[in-house]
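Coordinate inspection notes
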Amino acid sequence: MKHLILPLCLLAAALPTLAATKVATLHPILADLAQQVGGANVEVVEILKPGADIHHFEPAPKDLAAMKGAKVLLASGKGLESFLDKLRDSLGADVKLVEVGAKIPSIPFEEHHHEHGEKGGDEHDHHHHGAEDPHWWHSAENMKRAARVVADELSAIDPANASAYAAGAKAASKRFGELKSWAQKEISKVGKKDRLLVTAHGAFGYFCKEYGFEPISLLGIGRSDDASSKHVAETIEEIREHGIKAIFPEDQANPKVLAEIARSTGVKIGEPLIADGTAKVAHTFETMLAHNVRSIVAALAPAEPAK
């Protein structure tokens, strides 16, 4: 009988192995999130890779080929990927397209500027509401929601590993919560009157809501939007009135209008912020938020006295 007992290594090799669930993603932050939640049970394929421009990306035939065999395709949603309707027709019934942001509460894109009465009278804040802001992943709380969405989707596809996916989402949420606590502590160095975040594009609404900033954007959501001369003049006036310390360009776009405003006001230009979460140097939620918080605090917090 002893000759019938196989060595453990041969026995393991004889057993069928369970293939990892293939997950395709349309954003680097979602790729990292899927890996955190799925662990060894998933094979993540990044369709939109770090360094790409999400506002001008459209899947090419090679991207469709890379999706072959994927059970789910994770998209940011909220209108960020304008090509999704066309993509659905190309995917086929075997790939489930999930817009992760669809299950996360939206805030409207808010373009803020300050307008004055003609004779130095009453001043009124004007907020122009447009499309919903698609940059939901600037919020740690939203990332926690997204982790649960990804876990639920993976569990529906691969119920045998549902407990592992739930545990992955819980661990990721814990890390996001710890990062939020760190960010709050760092941002507390910035006085409340200085928490006005002047950026080129309206990409930081969720960040501002979570950390108590007021967003002031020169342009719209997409990088192709233009600022009117009136809007630039109003922003310059507001910077002077409120003594705003810094304005912030973005990692993949540095519009000339910011340089114009800096010249007119003497305000400093801060370190470029990561707006779309696709920068090669910071394409996970953790690295993006850490970079942005450090850059904002460095520019807006009072200088520490020399020791």
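Since the structure is predicted, the reported quantities are computational estimates derived from the model, not experimental observations.

The rules behind the values
- Residues numbered from 1 in each chain as written.
- Predicted model: local features only at pLDDT ≥ 70, side-chain atom pairs only at ≥ 80, totals over all residues.
- Heavy atoms only, no water.
- Pairing = 2+ DSSP bridges.
- Helix = DSSP H or I, 4+ residues; strand = E, 2+ residues; numbered from the N terminus.
- Axes fitted to C-alpha atoms, helices over the stretch in contact; angles between N-to-C directions.
- Parallel < 35°, antiparallel > 145°, perpendicular 65-115°, else oblique.
- Contact = heavy atoms within 4.5 Å.
- Salt bridge = Lys/Arg side-chain N within 4 Å of Asp/Glu carboxyl O.
- Buried < 20%, exposed > 50% of the residue type's maximum accessible area, 1.4 Å probe, protein only.
- Expected span 1.5 Å × (residues − 1).
- Polar contact = N/O pair within 3.5 Å; in protein donor to acceptor, adjacent residues only side chain to side chain.
- Right-handed = clockwise from strand over helix to strand, strands pointing away.
- pLDDT = per-residue confidence, 0-100.

Another point: the sheet that holds strand 2 (residues 42-46). Sheets are built from strands paired through backbone hydrogen bonds, the pairs being either parallel or antiparallel. Overall, parallel pairing links the four strands, which are arranged 2-1-3-4 in an open sheet. Either end of the sheet is taken by a strand with one partner, and the two such strands are strand 2 and strand 4 (96-99). Here the strands of the sheet are splayed against their neighbours by 25 degrees on average, with no regard to which way each runs. When strand 3 (residues 72-75) meets strand 4, the two strands line up parallel, connected through four bridges. For Val72, the partnering residue across the bridge sits in strand 4 and is Lys96.

Contact geometry of helix 6 (residues 162-187) with helix 10 (residues 285-300) gives a least axis separation of 10 Å together with a crossing angle of 5 degrees. In terms of orientation, helix 6 lies roughly parallel with respect to helix 10. Taken together, the residues of helix 10 that come into contact with helix 6 (itself represented by Arg175, Phe176, Leu179, Trp182, Ala183, Glu186 and Ile187) are Phe285, Glu286, Leu289, Ala290, Val293, Arg294 and Val297.

In this structure the tally under the stated criterion is 13 salt bridges. Here Glu153 ties to Lys103 by a salt bridge, and the two come within 3.5 Å at their closest N and O atoms. Of this pair, Glu153 sits in helix 5 (residues 140-157) while Lys103 sits in the loop between strand 4 and strand 5 (108-116), placing them 50 residues apart in sequence. Accessibility expressed as a relative area gives 8% for Glu153, which makes it buried. Of the residues examined, Lys103 reaches a relative accessible area of 53% and is grouped as exposed. Two residues, Lys245 and Asp194, come together in a salt bridge whose shortest N-O distance is 3.4 Å. Here the residue Lys245 occupies a position in the loop between helix 8 (229-242) and strand 9 (246-248), and Asp194 occupies one in the loop between helix 6 and strand 7 (196-199), the gap between them amounting to 51 residues. Residue Lys245 is classed as partly exposed on the basis of its relative accessible area of 30%.

Let us now look at helix 6. Along its 26 residues, helix 6 runs 37 Å from first to last C-alpha, staying within 8% of the 38 Å computed at 1.5 Å per residue. Taken together, the buried positions of helix 6 are Tyr165, Gly168, Ala169, Ala172, Ser173, Phe176, Gly177, Leu179, Lys180, Ala183, Glu186 and Ile187. Buried-residue contacts for helix 6 involve strand 1 (21-25), helix 2 (28-38), strand 2, helix 5, helix 7 (205-211) and helix 10.

The next point concerns the side chain of Asp194. By relative accessible area, Asp194 is classed as buried at 11%. A distance of 3.4 Å separates a polar atom in the side chain of Asp194 from a polar atom in the side chain of Lys245. The contacts of Asp194, once residues within four sequence positions are left out, are Lys245 and Leu300.

Another point: the pairing of strand 1. Counting buried residues in strand 1 gives five out of five residues, a clear majority hidden from the surface. Of the two faces of strand 1, the one lined by Thr21, Val23 and Thr25 and the one lined by Lys22 and Ala24 are each fully buried. Here strand 1 pairs with strand 2 via five bridges, running parallel. Among the inter-strand pairings, Thr21 is bridged to a residue of strand 2, identified as Val42. Each parallel crossover has a hand, and for strand 1 linked through helix 2 to strand 2 it is right-handed. Here strand 1 runs beside strand 3; their pairing, made up of three bridges, is parallel. The partner of Ala24 across the bridge, within strand 3, is Leu73.

We now examine the confidence of the model for the protein. Caution applies to low-pLDDT parts of the model: their predicted coordinates are not meant to be read in detail. When pLDDT is averaged along the protein, the result is 85, and 82% of the positions lie at 70 or above. Across residues 113-130, confidence stays below pLDDT 50; counting only partners more than four residues off in sequence or on other chains, it has 39 contacts.

All right, on to the environment of Ala162 then. Note that Ala162 resides in helix 6. A relative accessible area of 26% means that Ala162 is categorised as partly exposed. Spatially, the C-alpha atoms of Ala162 and Asp152 are 8.0 Å apart, while their sequence positions differ by ten residues.

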